[in-house]
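Chain by chain, the residues run as shown.
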Amino acid sequence: MSTVTIISIALMGILLFLLGANVTRHRAIIGSKGGNQQPTDPADRLLIAIRAHGNAAEYIPTMIVLVLVCSALSDSWWVDALAVAALVVRTVHAAGMLTSKTLATHGPLRDVGALGTYLVGITLGVTAIAVM
């Protein structure tokens, strides 16, 4: 497995844990003020943090597994490119969510990150099948 792939996987893992820590940070701020820990308002910063982390938790582990499978089957530059692409689209998506004023609307970062996640994820799956 290449250094590029390993670093990309590690950074995706770090991103997931940072997003989780951000939820904890928001809960601590809200808790110290006696606020709602289960918000439903799409503009609530805690809800936005929860969804950014939740969305990352839904996609990053699967992408990491697919990158590992592809890397085990091939040492092609293509696997490195997909690993970097996975990291980029997940980071862009998280940034798009965290900078959004509300979850009720979409912004360009969030949309590019989501579309990129689907494209990279599908490409990883197809690559795993094609190289076996």
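Here is a short report on the structure shown in this document. (Residues numbered from 1 in each chain as written. Predicted model: local features only at pLDDT ≥ 70, side-chain atom pairs only at ≥ 80, totals over all residues. Heavy atoms only, no water.)

Section: the packing of helix α1 (residues 3–32) against helix α3 (residues 77–98)
- Packing of α1 against α3 brings their axes to within 8 Å, and their N-to-C directions diverge by 15°. Comparing the axis directions of α1 and α3 gives the class roughly parallel. The handedness of the crossing between α1 and α3 comes out as left-handed. Together, Val4, Thr5, Ser8, Leu11, Met12, Leu15, Leu19 and Asn22 of α1 and Val79, Asp80, Ala83, Val84, Ala86, Leu87, Arg90, Thr91, Ala94 and Leu98 of α3 make up the contact between the two elements. (Axes fitted to C-alpha atoms, helices over the stretch in contact; angles between N-to-C directions. Helix = DSSP H or I, 4+ residues; strand = E, 2+ residues; numbered from the N terminus. Parallel < 35°, antiparallel > 145°, perpendicular 65-115°, else oblique. Left-handed = near helix turned anticlockwise from the far one by under 90°. Contact = heavy atoms within 4.5 Å.)

Some words on α1
- The end-to-end C-alpha separation of α1 is 43 Å, in line with the 44 Å expected for 30 residues at 1.5 Å each.
- Three or more residues of α1 are buried, namely Thr5, Ser8, Ile9, Met12, Gly13, Leu15, Leu16, Leu19, Gly20, Asn22, Val23 and His26.
- Next to the buried residues of α1 lie α2 (45–73) and α3.
- Gly34, located one to two residues past α1, shows a positive phi value of around 75°. (Expected span 1.5 Å × (residues − 1). Buried < 20%, exposed > 50% of the residue type's maximum accessible area, 1.4 Å probe, protein only.)

Section: the side chain of Arg110
- Structurally, the position occupied by Arg110 is in helix α4 (residues 108–131).
- Asp111 provides the closest opposite charge to the buried, salt-bridge-free Arg110, at an N-O distance of 5.6 Å.
- Within the structure, the side chain of Arg110 is placed 3.4 Å from the backbone oxygen of Leu103, a separation counted as a polar contact.
- Of note is the side chain of Arg110, whose polar atom sits 3.0 Å from the backbone oxygen of Thr105.
- If near-sequence neighbours (up to four positions away) are discounted, Arg110 is found in contact with His93, Gly96, Met97, Thr102, Leu103 and Thr105. (Lys, Arg positive; Asp, Glu negative; His and termini not counted. Salt bridge = Lys/Arg side-chain N within 4 Å of Asp/Glu carboxyl O. Polar contact = N/O pair within 3.5 Å; in protein donor to acceptor, adjacent residues only side chain to side chain.)

Remarks on a nonpolar patch on the surface
- Together, Val65, Val69, Leu73, Val131 and Met132 make up an exposed nonpolar region whose accessible area comes to about 450 Å².
- Per-element accounting of the nonpolar patch gives the leading share, three residues, to α2.
- Examined against the element boundaries, Val65 turns out to sit in helix α2. (Patch = residues over 30% accessible without salt bridge, like charges linked within 9 Å, V, L, I, M, F, W, Y side chains within 5 Å. Areas by Shrake-Rupley, 256 points an atom, 1.4 Å probe, with all protein chains shown as cover.)

Here's the deal with the nonpolar core
- Core analysis: the largest hydrophobic core is formed by 26 residues, its most contacted members being Met12, Leu19, Ile60, Val120 and Leu124.
- At nine residues, the largest contribution of residues to this core is made by α2. (Core = buried A, V, L, I, M, F, W, Y, C linked by side-chain atoms within 4.5 Å.)

A few points about α4
- The end-to-end C-alpha separation of α4 is 33 Å, in line with the 34 Å expected for 24 residues at 1.5 Å each.
- Buried residues in α4 make contact with α2 and α3.

Comments concerning the packing of α1 against α2
- Where α1 meets α2, the closest approach of the two axes is 9 Å, and the angle between their N-to-C directions is 165°. Looking at the two axes, α1 sits roughly antiparallel to α2. The chirality of how α1 crosses α2 is left-handed.
- Along the lines of polarity and charge, the residues of the contact of α1 with α2 split into 18 nonpolar, seven polar and two charged. (Nonpolar A, V, L, I, M, F, W, Y, C, P; charged D, E, K, R; others polar.)

This is a description of form; function is not addressed.
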